[in-house]
Amino acid sequence: MRKSWWKILAAVLLVYTFTAGFLIKVPELGILKETSRNLFFHVPMWFGQIILLTISMIYSILYLRKPDLRYDIYAVALAKTGILMGVLGLLTGAIWATYVWGAPWSNDPKQIGVAIALLIYFAYLVLRNAIPDIDKSARISAVYNIFAYFIYIPLIMILPRMVESLHPGGKGVEGNPGLNGADLDATMRLVFWPAVIGWTLLGVWISTLNIRLYLIRDKNIINVK
Amino acid sequence: MIKTIYALLKKDLLLELRQQHSFHGILLYVASTIFVLKLAINQPGAEVWNGLFWVIQLFVCVNAVAKSFLQEGRGRMLYFYTISGAREFIIAKLVYNIILMLLMSLLSLALFLVLLRNPLGNTVQFIGIVCLGGVSLSLVFTLLAAIAAKAQQNAALMAILGFPLIVPQLLLLIKLSKSAFGEVFREGAVLQLTLLITGLDIMVIALAIILFPFLWKD
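Numbering of residues starts from 1 in each chain and follows the order in which that chain's sequence is written. Note on labels: chains are lettered from A, ligands numbered from 1, in written order. Reporting of local features is limited, given that this is a predicted model, to residues whose pLDDT is at least 70; pairs of side-chain atoms are given and counted only at 80 or more, and all residues count toward the totals for whole chains, interfaces and linings.

On to the overall build of chain B, then. Counting secondary structure elements, chain B contains 8 helices and 0 strands. Its helices and strands in sequence order give chain B the pattern α-α-α-α-α-α-α-α, from N to C terminus. Relative to the compact-globule value of 17 Å for 218 residues, chain B shows a C-alpha radius of gyration of 18 Å, a close match. Along the first, second and third principal axes, the C-alpha set of chain B runs to 55 × 40 × 30 Å. Any residue whose C-beta has 12 or fewer other C-beta atoms within 10 Å is treated as exposed, any with 20 or more as buried, and any in between as partly exposed, C-beta atoms being built from the backbone. Each of the 218 residues in chain B was classed as buried or not, and the buried ones make up 39%. Contacts here follow a simple rule: the backbone-placed C-beta atoms of the two residues must lie within 7 Å. Across chain B, the fraction of contacts at a sequence separation of at least 24, relative to all contacts at a separation of at least 6, is 85%. Secondary structure counts use DSSP, requiring at least four H or I residues in a row for a helix and at least two E residues in a row for a strand, with both numbered from the N terminus. For the radius of gyration, the atoms used are the C-alpha atoms, and the globule rule reads 2.2 Å times the number of residues raised to 0.38.

Have a look at this one:
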């Protein structure tokens, strides 16, 4: 394994999350009861997705400044892993919702927002395939990636907070205790932040594997300068 | 720079006035769609009316804006590339599409009010919201049409790219337009929503002006 220290760290943190996550005592919070353990799996997925898509956007900006195909490869690999984390976040959320809200899908604003965000990034992948010329595809998808990011952030962060939502942070949250950073219980905090770091590092690891694969696959066209 | 923008804008407007090709095409599209709606749902309730209105607006915008980019042939695009900068070109296109979309929005609103009854509490406020909506939709779709135009101008591609991206603004517009139906909003909510939509519009304009030069060079 190349540069193994952070990968081993990721694995250790995730093993810690899985074990401590199920063993520690969670506070009794109304209807949540033991399901609040899902906090260590569901929320880090979204942290991970936002971080990965932010870095993907930065690589798109870098590509536009200097058309090096390596930046484009980084951008698409990170976006793909971001999509993966989004799908996992939706699935973990659906599992949680089945027990707490009664149904896996409740047309909650945040659920709809993240589903649309997934559609936006799927469209990014479709766009890349629609343009046969490699440089043109990289340039145009870089433009789309940047545009999509600035629509994505309001979509998942600002809009769900403005409307009545079942998620914590929305208006009219009677049944849902606040699980935001400020009132996170101290014991849960001990597992939560390492979980965030662990899942994000795992996402980055998956992206780097993809990147190395694409770099080898495209090595004939990258170094033509 | 203003002169270039004005010249490009004048060219588009004159072309439109003389040929009236897109205008009549979209007018026909709007009229037939609303007429089909009237046949299907004679007197829709307020919520259905609102939802249908914004969906029609969405499709009208996709058609109107797509036409404005599609009608330039390759040779003419090259000519524009030599005579004007990218920024002037995109600003002229944005302004032209805003004007076109405002016209189409107000026309479709008039047809909606005439053919499907008027459930509005506050018509003037709704007209304002429709104008804001028309502007917002046209801004996003202009940038998307520029992107799709480079990808072999596939009309389906513009729909695939466009619909997810327009959802935040559309949701905000639908929520805002409920205030014109007489629904009571808490203090300052209408202003907050309007500012948010305007903020998103300004962001889209800034992104279009910054990103278009990269799409331009070919």
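All names here are of chain B. Along the chain, the position of Gly121 falls in the loop between α5 (86-115) and α6 (123-150). Gly121 gets classed as partly exposed once you count the C-beta atoms within 10 Å, which come to 14. Distance from Gly121 to Tyr81, taken between C-alpha atoms, is 49 Å for residues 40 residues apart in sequence.

Here we come to the confidence of the model for chain B. Values of pLDDT, ranging from 0 to 100, describe the predictor's confidence in every residue of the model. Confidence along chain B averages 85 in pLDDT terms, with 97% of residues attaining 70 or more. The complex model carries a pTM of 0.88, and its ipTM stands at 0.86.

A word on the packing of helix α3 (residues 46-70) of chain B against α6(B). Residues and elements named next belong to chain B. In contact at an axis separation of 9 Å, α3 and α6 are set at 45° when each is read in the N-to-C sense. The angle between α3 and α6 places the two elements in the oblique class. Handedness of the crossing formed by α3 with α6: right-handed. Along the contact surface, α3 presents Gln57, Leu58, Cys61, Val62, Val65, Ala66 and Phe69, while α6 presents Gly133, Leu137, Ser138, Phe141, Thr142, Ala145, Ala146 and Ala149. Of the residues belonging to the contact of α3 with α6, the class tally is 11 nonpolar, 4 polar and no charged. Structural elements are reduced to axes, namely lines fitted to C-alpha atoms, with helices fitted over the stretch in contact, and the angle between N-to-C directions of any two is expressed from 0 to 180 degrees. Convention used here: angles under 35 degrees read as roughly parallel, angles over 145 as roughly antiparallel, angles from 65 to 115 as roughly perpendicular, and any remaining angle as oblique. We call a crossing left-handed when the near helix sits turned anticlockwise from the far one by less than a right angle, and right-handed when that turn is clockwise. Lys, Arg, Asp and Glu make up the charged group, whereas Ala, Val, Leu, Ile, Met, Phe, Trp, Tyr, Cys and Pro make up the nonpolar group; the residues left over, Gly among them, are polar.

On to the environment of B:Ile99, then. Residue and element names in this part refer to chain B. Tracing the backbone through its elements, the reader meets Ile99 in helix α5. According to the C-beta neighbour criterion, Ile99 is partly exposed, with 17 such atoms within 10 Å. On a C-alpha basis, the gap between Ile99 and Ser138 in space is 9.1 Å, while along the polypeptide they are 39 residues apart.

Moving on: the interface of chain B and chain A. Tallying the contact residues gives 19 residues for chain B and 22 residues for chain A. Contributions of two or more residues to the side of chain B that touches chain A are made by α6, α7 (155-177) and α8 (189-216) of chain B. A total of 8 residues in the side of chain B that touches chain A trace back to one element, the largest contributor, which is α7(B). The class makeup of the residues in the side of chain B that touches chain A is 17 nonpolar, 1 polar and 1 charged.

Moving on, we come to unusual backbone geometry. Phi is positive for A:Asn107, close to 50°, though the residue is something other than glycine. When the 8 C-beta atoms within 10 Å are taken as the criterion, A:Asn107 is described as exposed.

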